[in-house]
Amino acid sequence: MSLYKQYTEKMRKIADVHYSMAVLGWDREIYLPKKGAKLRTQQVATLAGIAHEMATAADLGELLEKLSADDTLDEWQKCNVAKTLKSYKRQQLYTKEFVIENSNAVSAAYEAWMQARKNNDFSLYEPALSRLVALKRQECEFLGYEDHPYDALLDQYEPDAKTADLNVLFADVRRQLVDYVKQIGEKENVKDGWMFEHFDKDKQWQFGLDMLAQMGYDFDGGRQDISAHPFTTSFGAEDVRVTTRIDENNFSEMFWSCIHEGGHALYEQGLKVENYGLPTGEAISMGIHESQSRLWENNVGRSLPYWKANYAALQEMFPENLKDVSVVDFYKSMNKVKNSLIRTNADELTYHFHISVRFEIEKALIEGKIEVKDLPEIWNKRYKEYLDIDVPSDAQGVLQDIHWSHGSFGYFPTYSLGSFYAAQFYMQAKKDIDGLEQEIEKGNMMPLLDWLRENVHQYGKLYSAEDLCKKITGEPLKFQYFMDYAKEKYNFIYDL
Ligand code: CO
């Protein structure tokens, strides 16, 4: 057997273990009875241990070293070997002591965060979070970086992303978007009362399924269920599942979940089946993954052509709620801009102020410029500055997100990157596809899906996020495309 074949067989076995863990994780969110939780934790931990052993085994390392000197491999094979070797080497940098210490610190921080949020008392969380931040600073040092320690953390979610580039992006957010949202705020806000009337649960479920089918989600290679926090999970490109949640008094809850998770799922379903278990069979980065969910959610699902295609069906399902609401008024209500306290409820513009605050705080914590005890004060000051909002309590402020308690530093920026990539990709799709929005207006999403399959999904990790962006649009990521998209849309909605 060739060395490359030996390598792919090892990788596929590791993937078998990972995806089996994913099935158990999916089941935990959907079906697991209360008493099953304890053994389930053990089962997942056992599989995680097996996967870790396989992925760090010495013979895999030797194989990778030999293969990385093999000039006969093609571009895809070389990419697979290089990406696997990078993560193999990274694994070696973690000492067993650090892994155990980190795992304990995360458990303690998560418990403390839950208590602190419940009691609206940041001081209950402060010691555990301080310990976790100290570990993160250590992690940056042993992982290594060229320019900024935060780069080492970013790289785990957004490979090759640099703090310096994010500084430029978020400076643009503050310079351009803050002023623009202020202008919007001076206008009379759009009406959206109908969104919070009663919407029957079963009918909402059906509408969500119809929308997924229209996007091209393959129900023979996936399914939808209900969960408390909507998510997408993949067990390989031919079994990609989504979940949604339904609030009978808030239609948009179900709708945004369906179309957002549907966008994530289309990416996973569009990866090449033959690359199962290999880097070219996996998404590039969190930012590019999020670009796919947000392109469908924002650029498509919050657009007038989309609602021209689908509003009549929605009205027919909910005549009491919507019979007197025009398609344009409905469209406007789906795009209401309002400064708010909670990130997950934010509209597509003010959302980036929430991320900007978190990015600045994470960076300063890792640089050692601020200490955990000062977070509530810094948080509240920034919310006043960017969102003109007084934070009434830490539970609704600095304690609102789970991420830091998991030790996920460097993750938040990928949400904004996703929106910015989405705007730039969508701008290009409109140039490349004749009459794209006329097709969407007819309910035909296939030209867009084919374009995404061709330009983004099929490659997996073959290109870096930045190279893919240049390949598709001829330019690196630029905030300007998001701003252009925002202005074209909201100038109309708010009559600016
Ligand atoms: Co997402």
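Residues numbered from 1 in each chain as written. Predicted model: local features only at pLDDT ≥ 70, side-chain atom pairs only at ≥ 80, totals over all residues. Heavy atoms only, no water.

**Overview of helix 12 (residues 304-317)**
Okay, step 1: Helix length check: helix 12, at 14 residues, gives a terminal C-alpha distance of 19 Å against a target of 20 Å (1.5 Å per residue), a fit within 8%.
Okay, step 2: The principal kink in helix 12, of about 50°, is found at Asn310.
Okay, step 3: Of the surrounding elements, those touching the buried residues of helix 12 are helix 9 (201-215), helix 10 (251-269), helix 11 (286-300), helix 13 (319-322), helix 14 (327-333) and helix 18 (436-441). (Helix = DSSP H or I, 4+ residues; strand = E, 2+ residues; numbered from the N terminus. Expected span 1.5 Å × (residues − 1). Bend = angle between axes of the 7 residues up to and from the residue. Contact = heavy atoms within 4.5 Å.)

**Some points on the sheet that holds strand 2 (residues 232-234)**
Okay, step 1: Spatially, 1-3-2 is the arrangement adopted by the 3 strands of the open sheet, whose pairing is mixed. With one partner strand each, in any of the chains shown, strand 1 (224-226) and strand 2 form the two edges of the open sheet. When the angles between neighbouring strand axes are averaged without regard to direction, this sheet yields 25°.
Okay, step 2: Strand direction decides the pairing type here: strand 2 and strand 3 (residues 240-244), joined by 3 bridges, are antiparallel. What sits directly across from Thr232, in strand 3, is Val242.
Okay, step 3: Sheet contacts for helix 1 (residues 3-30): strand 1, strand 2 and strand 3; angle to strand 2, the most-contacted strand, approximately 150°. (Pairing = 2+ DSSP bridges. Axes fitted to C-alpha atoms, helices over the stretch in contact; angles between N-to-C directions.)

**With respect to the domain arrangement of the chain**
Okay, step 1: When its domains are assigned, the chain resolves into domain 1 (3-146) and domain 2 (163-493).
Okay, step 2: In this structure, domain 1 and domain 2 have C-alpha centres spaced 26 Å apart.
Okay, step 3: The contact between domain 1 and domain 2 buries some 3,600 Å² in all, and 67% of this surface belongs to carbon and sulfur atoms.
Okay, step 4: Counting the surface domain 1 buries against domain 2, the share from its top three residues, Trp26, Trp76 and Phe122, is 20%.
Okay, step 5: If you look at where domain 1 meets domain 2, you find 1 salt bridge.
Okay, step 6: Between Glu371 and Arg137 there is a salt bridge whose closest N-O contact spans 4.0 Å.
Okay, step 7: For the interface between domain 1 and domain 2, the tally reads 12 residue pairs in polar contact (both at pLDDT 80 or more). (Domains from an automatic or database assignment. Buried area = accessible area lost by both parts, 1.4 Å probe. Salt bridge = Lys/Arg side-chain N within 4 Å of Asp/Glu carboxyl O. Polar contact = N/O pair within 3.5 Å; in protein donor to acceptor, adjacent residues only side chain to side chain.)

**Digging into the nonpolar core**
The nonpolar side chains of a soluble globular protein tend to be buried with one another.
Okay, step 1: Residues Phe255 and Phe330 are the most contacted members of the largest nonpolar core, which totals 135 residues.
Okay, step 2: The two domains that each donate at least three residues to this core are domain 1 (3-146) and domain 2 (163-493).
Okay, step 3: Not counting residues within four places of it along the chain, the set of residues in contact with Phe330 comprises Trp194, Met195, Phe251, Trp307, Tyr311, Leu314, Leu322 and Val325.
Okay, step 4: Grouped together as the second largest cluster of nonpolar side chains are 13 residues, Tyr4, Leu60, Leu85 and Tyr88 included. (Core = buried A, V, L, I, M, F, W, Y, C linked by side-chain atoms within 4.5 Å. Buried < 20%, exposed > 50% of the residue type's maximum accessible area, 1.4 Å probe, protein only.)

**Quick notes on the side chain of Glu362**
Okay, step 1: Along the chain, Glu362 turns up in helix 15 (residues 351-367).
Okay, step 2: In this structure, Glu362 is buried with no salt-bridge partner, the nearest side chain bearing the opposite charge being Arg358 at 7.5 Å.
Okay, step 3: Those residues in contact with Glu362 that lie beyond four places of it in its chain are Tyr150, Trp404, Ser408, Phe409, Gly410, Tyr411, Phe412 and Pro413. (Lys, Arg positive; Asp, Glu negative; His and termini not counted.)

**Some remarks on the environment of Ile440**
Okay, step 1: For Ile440, the location among the structural elements is in helix 18.
Okay, step 2: Judged by its relative accessible area of 0%, Ile440 is buried.
Okay, step 3: Residues Ile440 and Trp307, 133 residues apart in the sequence, show an inter-C-alpha distance of 9.1 Å.

**Considering the pattern of salt bridges**
Okay, step 1: Applying the stated criterion across every chain yields a total of 29 salt bridges.
Okay, step 2: Put simply, Glu360 and Arg174 hold a salt bridge, and the shortest N to O gap is 2.9 Å. With Glu360 in helix 15 and Arg174 in helix 8 (residues 163-185), this residue pair connects regions lying 186 residues apart in the sequence.
Okay, step 3: By relative accessible area, Glu360 is classed as buried at 16%.
Okay, step 4: The partly exposed category is assigned to Arg174, whose relative accessible area is 27%.
Okay, step 5: Overlapping salt bridges bring together Arg174, Glu360, Arg382 and Glu385 as one network.

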